[in-house]
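As a plain string of letters, each chain reads:
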Amino acid sequence: GSFAGFDGRTLEVRSAGEDAWMGGRAPKDPFLDGVNDEDIYDVTGKHSNGSAMDAKDLPDLARAVVDPAARANYEAERARRDGLIRDASNVPRSFRCLLDAVKAARDGDRIVLLRGIHNTMGETCDVDKRILIRGEGRMDEVTVDARSNTPVLRITASCAVQNLFFDMTGFRETLYIEGGAHVRPMFEHVRVKCSGDDTLNIAGAVQPLFVDCYFQARKNGVRTLGTSRTEMIRCRMTQCNHSGLKVMDNSSVTMRQSFVTDNDEDGIVVMDEADVTLVETQVRDNRGPGVDVSGAGRVVCRDGSLIKGNIGGLWMWEEATAHCDGLKLNGGESHAMLVDGNARARVRRSVIEGIIQCTDELAMNGIEHGSNTRLAVHPATELPGEMGAFAFHPDVYTRKQ
């Protein structure tokens, strides 16, 4: 929650209030935003277009049109407030929309979203500067209500995002991070939801950090690609209609003290040549295997990590590998471990509750070790039928459903 490293200007963004869901900006404040023709009133109490003033209209602006003294008072008040709302280069410090604030920001600036509901007016906000974007107060006091088919934020710089709830209605991911290895954004106390796609896509060689974040999606909670390196601490991926975490290509994810729970398919999917490390992390109560590793994927489970209550525990295919040390593994309604093809596992100091099925005797050598504890289940479990998360739905665009 620190401002350390962001010692530039503080730019405030006002809440859009009831108009946020319509993609509108915050209500205009003439003292903060300046005066133009639509703010000018005549002495009859009407707008310049003839419509009557509302109670909220400022009467001193009406007098300022024709009364030099009132105009002088108005300008004096503007000057008094300028020190608070504008910097030395005449750049505003109060904005009606996050999109405008990010465009005006420069490296080192802090953008504070005031309590209430905000939006980006249906556009993607490109964050290509080293800035801090932070919600005022607690995480649930500032919401970015986005309704569009484009990501809310596209991040290509080492920024920081704190204390925000992104509520996305649309058919694209809520947040998209891409760039080289020098791009290392940090997210803290951030909640992300998406009604039609993933909440977060991470691509390129970026190295983001997430602390105390929550993800809930129509598809996958988090999807990583490319050669990205992601670290998550005390994060939660839950109630996603697909997987909680999908790790692809050559990307890697390290999860510490995190939870992947109650998703409609696999808890964690590792594919291609990707790898996942779980440290004191729980994967439980998903309606597919807890961890599914295929291709040349790799998973490391250690230091008291728990895989429990899923429909299948740790399942491995093709050339996949697993290294487990101090893992508590339970298969739930199906087998605790399934090691197929040329997959290999090395398991030490772990508790395995349920059936282990290996298609190759050599694969069993790495699992049968004196430091492990084997527990039987009654009745014996079976492989699931082709239903629910295990039903086959052909899709030419994705390798794994």
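Source: prediction; values computed, not measured. (Residues numbered from 1 in each chain as written. Predicted model: local features only at pLDDT ≥ 70, side-chain atom pairs only at ≥ 80, totals over all residues. Heavy atoms only, no water.)

> Mind laying out the overall build of the chain, listing which residues take part and the relevant values?
Across its full length, the chain carries five helices and 34 strands. Taken over 401 residues, the chain has a buried fraction of 48%. Counting only contacts in the chain whose residues sit at least 6 apart along the sequence, the fraction spanning at least 24 positions is 47%. For the chain, the exposed area adds up to about 17800 Å²; of that, 49% sits on carbon and sulfur atoms. (Helix = DSSP H or I, 4+ residues; strand = E, 2+ residues; numbered from the N terminus. Buried < 20%, exposed > 50% of the residue type's maximum accessible area, 1.4 Å probe, protein only. Contact = heavy atoms within 4.5 Å. Areas by Shrake-Rupley, 256 points an atom, 1.4 Å probe, with all protein chains shown as cover.)

> Could you give an account of the environment of Gly370, naming the residues involved and the relevant values?
Structurally, the position occupied by Gly370 is in the loop between helix H5 (361-365) and strand E34 (373-375). C-alpha of Gly370 to C-alpha of Arg348: the two residues are 22 residues apart in sequence and 8.2 Å apart in space.

> Provide a residue-level description of the nonpolar core, including the pertinent values.
Within the largest apolar cluster, 77 residues are counted, with the highest numbers of intra-cluster contacts made by Ile111, Phe166, Phe210, Ile268, Leu314 and Met337. Setting aside chain neighbours within four positions, we find Phe210 in contact with Ile177, Phe187, Leu200, Ile202, Phe215, Thr230, Glu231, Met232, Ile233 and Cys235. (Core = buried A, V, L, I, M, F, W, Y, C linked by side-chain atoms within 4.5 Å.)

> Can you break down the pattern of salt bridges residue by residue, with the values?
Scanning the entire structure with this criterion turns up 17 salt bridges. Where Lys219 meets Asp197, a salt bridge forms, and the shortest distance between an N and an O atom there is 3.8 Å. Here Lys219, found in the loop between strand E14 (214-217) and strand E15 (222-224), pairs with Asp197, found in the loop between strand E11 (186-194) and strand E12 (200-202); they are 22 residues apart in sequence, far enough to count as distant. Since its relative accessible area comes to 31%, Lys219 is described here as partly exposed. Judged by relative accessible area, which is 13%, Asp197 ranks as buried. For Arg234, the salt bridge is made with Asp212, and the minimal N-O distance between the two is 2.9 Å. Note that Arg234 is positioned in the loop between strand E16 (229-233) and strand E17 (236-238) and Asp212 in the loop between strand E13 (209-211) and E14, a separation of 22 residues in sequence. Assessed through its relative accessible area of 41%, Arg234 is described here as partly exposed. (Salt bridge = Lys/Arg side-chain N within 4 Å of Asp/Glu carboxyl O.)

> Hey, could you go over the sheet that holds strand E21 (residues 268-270) for me, with residue numbers and the actual values?
Reading across the sheet, the eleven strands line up as E5-E8-E10-E12-E15-E18-E21-E24-E27-E30-E33 and stay open at both edges, with parallel pairing between neighbours. Of all strands in the sheet, those bounded by a partner on one side alone are strand E5 (125-127) and strand E33 (356-358). Across this sheet, the average inter-strand angle for adjacent strands is 10°, counted without regard to direction. Examined bridge by bridge, E12 and E15 share three bridges and lie parallel to one another. By the bridge assignment for E15, Asn201 is matched with Arg223. (Pairing = 2+ DSSP bridges. Axes fitted to C-alpha atoms, helices over the stretch in contact; angles between N-to-C directions.)

> An account of the packing of aromatic side chains is requested, with residue identities and associated values reported.
Enumeration over the complete set of coordinates arrives at three aromatic pairs. With 5.9 Å between their ring centres and 75° between their planes, Phe210 and Phe215 make a pair best called edge-to-face. Overall, the relative accessible area of 1% leaves Phe210 in the buried class. Connected via pairs of aromatic rings, a cluster forms that spans Phe187, Phe210 and Phe215. Note that Arg191 overlies the ring of Phe165, its terminal NZ or CZ placed 4.7 Å from the centroid. For Arg236, the ring lying beneath its charged end belongs to Phe259, and the centroid distance is 4.5 Å. (Phe/Tyr/Trp six-rings, centres within 6.5 Å; stacked < 30°, edge-to-face > 60°. Lys NZ or Arg CZ within 6 Å of the ring centre and 35° of its normal.)

> Please provide a residue-by-residue account of the side chain of Arg9, values included.
Note on placement: Arg9 falls in the segment before strand E1 (10-13). Assessed through its relative accessible area of 7%, Arg9 is described here as buried. Here the side chain of Arg9 touches Ala104 through a polar contact of 3.1 Å, landing on its backbone oxygen. (Polar contact = N/O pair within 3.5 Å; in protein donor to acceptor, adjacent residues only side chain to side chain.)

> How would you summarise the confidence of the model for the chain if you had to cite specific residues and measurements?
Residues with a pLDDT of 70 or more make up 81% of the chain, whose mean pLDDT is 86. Below pLDDT 50 for its whole length, residues 37-46 participates in 28 contacts with residues either more than four positions away or in separate chains. (pLDDT = per-residue confidence, 0-100.)

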